[in-house]
Amino acid sequence: MNEEIVSVSGVYFSYNGDFVLENVNLKVKEKDFLMIVGPNGGGKTTLVKMLLGILKPAKGEVKVFGTSPENVLDKIGYVPQKMNNVNDMPLTVLECVLTGLKSGFFKIRYTKNEIKKAEYVLSRVEMDKFKDKKMSELSGGQVQRVYLARALISSPELLILDEPTSNIDPYGSFCFFTTLEEINREKTIIMVTHNLNLLATKINSVACVNKYLLYNDKPELTKEMMEIMYGIHDEHYCSMGAYVAEEIKHLTKCEGENCCHYKGRI
Amino acid sequence: MLELLNYDFFLNAVYILLFASIVCAVAGALIVINRMVFLAGAVAHAAYGGVGLAFFLAQPVLPITLAFSIVSSSAIGIYTAKKTSRIDSVIGIFWALGMALGIILIDFTPGYKADLMSYLFGSLLAVSSNDILMVVVLSVISILFLFAFYRQLVLFSYDREFAFVKGVNIVAIHTLIIILSAVSIVILIKIVGIILVIAFLTIPQYLSEGKTNTLMGMILLSCVYTICFGISGLIFSFYFNTTSGASIIIIAGIWFVVEKMFLGIKNGKSEKIAT
């Protein structure tokens with residue numbers, strides 16, 4: 001039986017007295033690929049920030065690897081949502097990935113081993129040929145891939161992604177998810193997304209958050225989830241994700257192992 | 001021009017510029033990449049409170065202003081580290097409050113305040129050996145700070161949220177950057193004065209930012225720019241009998257415009273070729 005990685009029990013959280021999360025319960029097991037969906041302002045990012053120890057619940061308990069998140073941050077890889085931190089700061093792709101390692105004091109130069117590791121994770125996300133480019137010169141999709149490499153360099157056991165494909169076109173998202181699927185063979189993944197396109201193909205469980213949390217241990221949105229998110233009851237929409245994924249594959253005429261495996265597409 | 005080297009006041013000015021350029025390059029680069037220019041402006045103007053306090057207590061200005069600025073910048077740093085809304089308004093309040101405090105304290109100080117203007121506009125040609133010693137010590141502290149926290153500074157400056165997740169104490173780093181800014185500002189008060197300090201902390205750094213690939217490269221290039229602007233401004237002020245601080249800033253400003261225009265023409269040409 002797979003080990004329990006994340007346990008959220010009876011969690012409440014409020015901003016200025018208004019509860020954005022109420023009685024939230026969630027369990028994530030080893031090698032799970034959980035997708036968290038929900039409307040804007042529903043509390044998805046708040047939940048992620050609690051899993052990272054950035055926010056503390058007003059009531060209830062959040063445990064990651066059986067303890068408080070801040071005790072196990074070295075086991076967690078994080079890919080943030082926002083793109084506005086991409087500034088003109090002089091920073092190469094390689095150095096950005098290297099910042100994912102433990103910082104330490106009086107360390108300016110990176111060791112050969114550290115650089116080798118960074119180059120390896122960059123090759124995993126197919127960004128190795130961009131390693132000397134500045135971060136400010138990359139496209140949105142490329143930045144997200146570099147962030148994924150930055151999260152992977154510390155060899156985390158749990159990967160948390162907050163809307164990683166919000167700035168990427170549908171095919172780019174598809175490729176990004178394909179990479180994640182490969183990573184999921186070794187690591188547990190929790191991902192917040194609005195992208196329902198690949199719902200039926202990549203993930204193995206869904207949580208819908210809108211103040212309360214609904215969980216389904218199958219890669220499908222339930223009727224209740226659809227009602228919370230879009231106010232609709234039609235079961236047809238639940239399989240919409242799988243349909244769109246197939247459409248993208250068809251349109252781009254690439255299938256199987258070679259799909260998405262050419263560098264710099266996104 | 002070599003006859004300038006026979007003057008002790010000129011040599012002292014060059015020495016202080018060389019060491020100040022290190023402090024300013026480190027602090028200025030961190031200010032620019034973290035978009036803290038307005039915050040640094042508030043620290044600079046709040047430093048006038050320290051000048052006023054030194055006058056009021058009849059104590060040496062530099063150490064008192066330094067202590068005052070470290071305390072006030074720590075308060076600004078801790079208060080602004082985690083705030084996101086209306087932060088500019090709060091910084092504006094600190095800006096005006098420090099300046100007003102300085103003015104009131106000077107009002108309460110009896111006697112003639114002849115050299116008050118030198119703190120507003122700098123007096124690079126009147127630096128003492130004690131001033132130089134202080135700047136040397138502070139430049140060593142800046143280098144140690146940079147070396148000790150280099151990786152944290154890069155991570156913090158690029159992505160604060162991720163830095164937090166990687167265990168970086170973001171409040172401490174944010175506050176240390178502001179304290180370092182305060183220290184460099186107090187040094188610059190002697191060189192260019194409170195009013196012009198921001199230009200010295202931003203022009204060399206802004207020019208360096210686009211030309212380098214690393215924070216360290218940006219700092220080193222800023223250091224070179226600062227020394228060049230400083231010495232050129234000093235020579236200009238000597239021959240044209242102008243205020244040294246303002247001359248340095250004018251030289252930096254003119255170079256900034258020339259460089260940007262030159263780059264603009266280059267871009268224009270390449271665009272034409274492309275079409």
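Residues numbered from 1 in each chain as written. Chains lettered and ligands numbered in written order. Predicted model: local features only at pLDDT ≥ 70, side-chain atom pairs only at ≥ 80, totals over all residues. Heavy atoms only, no water.

**Brief notes about the pattern of salt bridges**
Here is step 1 of the chain: Applying the stated criterion across every chain, the model contains nine salt bridges over all chains.
Here is step 2 of the chain: R151(B) serves as the salt-bridge partner of E114(A), at 3.1 Å between the closest nitrogen and oxygen. Of the two residues, E114(A) is situated in helix α3 (residues 112-124) and R151(B) in helix α6 (residues 129-158); the pairing between them involves two chains.
Here is step 3 of the chain: A residue is classified by how much of its surface remains accessible, and E114(A), at 15% relative accessible area, is buried.
Here is step 4 of the chain: With a relative accessible area of 4%, R151(B) lands in the buried category.
Here is step 5 of the chain: Put simply, E119(A) and K131(A) hold a salt bridge, and the shortest N to O gap is 2.7 Å. (Salt bridge = Lys/Arg side-chain N within 4 Å of Asp/Glu carboxyl O. Helix = DSSP H or I, 4+ residues; strand = E, 2+ residues; numbered from the N terminus. Buried < 20%, exposed > 50% of the residue type's maximum accessible area, 1.4 Å probe, protein only.)

**Remarks on the packing of α6(B) against helix α8 (residues 170-191) of chain B**
All names here are of chain B.
Here is step 1 of the chain: Following both chains from N to C, one finds α6 and α8 inclined at 155 degrees, their axes separated by 11 Å at the closest point. When the axis of α6 is compared with that of α8, the two are roughly antiparallel. Here the hand of the crossing between α6 and α8 comes out left-handed. For the pair α6 and α8, contact is made by D131, V135, L138, S142, F145, F149, Q152, L153 and F156 and by I170, I173, H174, L176, I177, L180, V183, I187 and K190, respectively.
Here is step 2 of the chain: Taken together, the residues of the contact of α6 with α8 sort by class into 13 nonpolar, three polar and two charged. (Axes fitted to C-alpha atoms, helices over the stretch in contact; angles between N-to-C directions. Parallel < 35°, antiparallel > 145°, perpendicular 65-115°, else oblique. Left-handed = near helix turned anticlockwise from the far one by under 90°. Contact = heavy atoms within 4.5 Å. Nonpolar A, V, L, I, M, F, W, Y, C, P; charged D, E, K, R; others polar.)

**Side note on the interface of chain B and chain A**
Here is step 1 of the chain: Each partner contributes to the interface: chain B provides 28 residues, whereas chain A provides 36 residues.
Here is step 2 of the chain: Here chain B packs against chain A, burying approximately 3100 Å² in sum over the two surfaces, 57% of which is carbon and sulfur.
Here is step 3 of the chain: In this structure, the connection of chain B to chain A is made through three salt bridges.
Here is step 4 of the chain: Contributions of two or more residues to the side of chain B that touches chain A are made by α6, α7 (160-165) and α10 (215-240) of chain B.
Here is step 5 of the chain: Of the residues forming the side of chain B that touches chain A, the biggest block, eleven residues, is contributed by α6(B).
Here is step 6 of the chain: Looking at side-chain class alone, the side of chain B that touches chain A contains 16 nonpolar, six polar and six charged residues. (Buried area = accessible area lost by both parts, 1.4 Å probe.)

**Section: the pairing of strand β9 (residues 212-216) of chain A**
Residue and element names in this part refer to chain A.
Here is step 1 of the chain: Bridge count between strand β8 (residues 205-210) and β9: five bridges; the pairing is antiparallel. In the sheet register, A207 faces β9, and the bridge partner there is Y215.
Here is step 2 of the chain: Connecting the antiparallel pair β8 and β9 is a turn made up of one residue, with K211 showing a positive phi of about 75 degrees. (Pairing = 2+ DSSP bridges.)

**Considerations on the nonpolar core**
Here is step 1 of the chain: By size, the foremost hydrophobic cluster in this structure holds 164 residues, and its most contacted members are M135(A), L148(A) and I191(B).
Here is step 2 of the chain: Among the elements that take part in this core, helix α1 (residues 8-33) of chain B stands out by supplying 16 residues, more than any other. (Core = buried A, V, L, I, M, F, W, Y, C linked by side-chain atoms within 4.5 Å.)

**Here we look at the pairing of strand β1 (residues 4-15) of chain A**
All names here are of chain A.
Here is step 1 of the chain: Bridge analysis of β1 against strand β2 (residues 18-29) gives eight bridges, and the strand direction is antiparallel. The residue bridging E4 from the neighbouring strand is K29, located in β2.
Here is step 2 of the chain: Adjacent in sequence and paired antiparallel, β1 and β2 are bridged by two residues, among which N16 carries a positive phi angle near 50 degrees.
Here is step 3 of the chain: Here β1 runs beside strand β4 (residues 59-64); their pairing, made up of five bridges, is antiparallel. Residue V8 lies in a different strand from β4, and its bridge partner there is V62.

**Re the sheet that holds β4(A)**
Residues and elements named next belong to chain A.
Here is step 1 of the chain: The strand order β2-β1-β4 describes an open sheet built from three strands, whose pairing is antiparallel. Two strands close off the open sheet at either side, each with one partner strand: β2 and β4. Within this sheet the neighbouring strands show an average axis-to-axis angle of 15 degrees, counted without direction.

**Considering the environment of C223(B)**
Residues and elements named next belong to chain B.
Here is step 1 of the chain: With respect to the helices and strands, the residue C223 is situated in helix α10.
Here is step 2 of the chain: Note on C223: relative accessible area 16%, which makes it buried.
Here is step 3 of the chain: In sequence terms C223 and C24 are 199 residues apart; their C-alpha atoms lie 7.6 Å from each other.
Here is step 4 of the chain: Those residues within four positions of C223 in sequence are excluded, and the remaining contacts are S21, I22 and A25.

**A word on helix α2 (residues 37-57) of chain B**
Residue and element names in this part refer to chain B.
Here is step 1 of the chain: Taking 1.5 Å of rise per residue, the 21 residues of α2 would be expected to cover 30 Å, and the 31 Å separating its terminal C-alpha atoms lies within 8% of that figure.
Here is step 2 of the chain: Of all 21 residues that make up α2, 16 are buried, and the element is covered over most of its length.
Here is step 3 of the chain: Downstream of α2 by one or two residues, A58 has phi in the positive range, about 55 degrees. (Expected span 1.5 Å × (residues − 1).)

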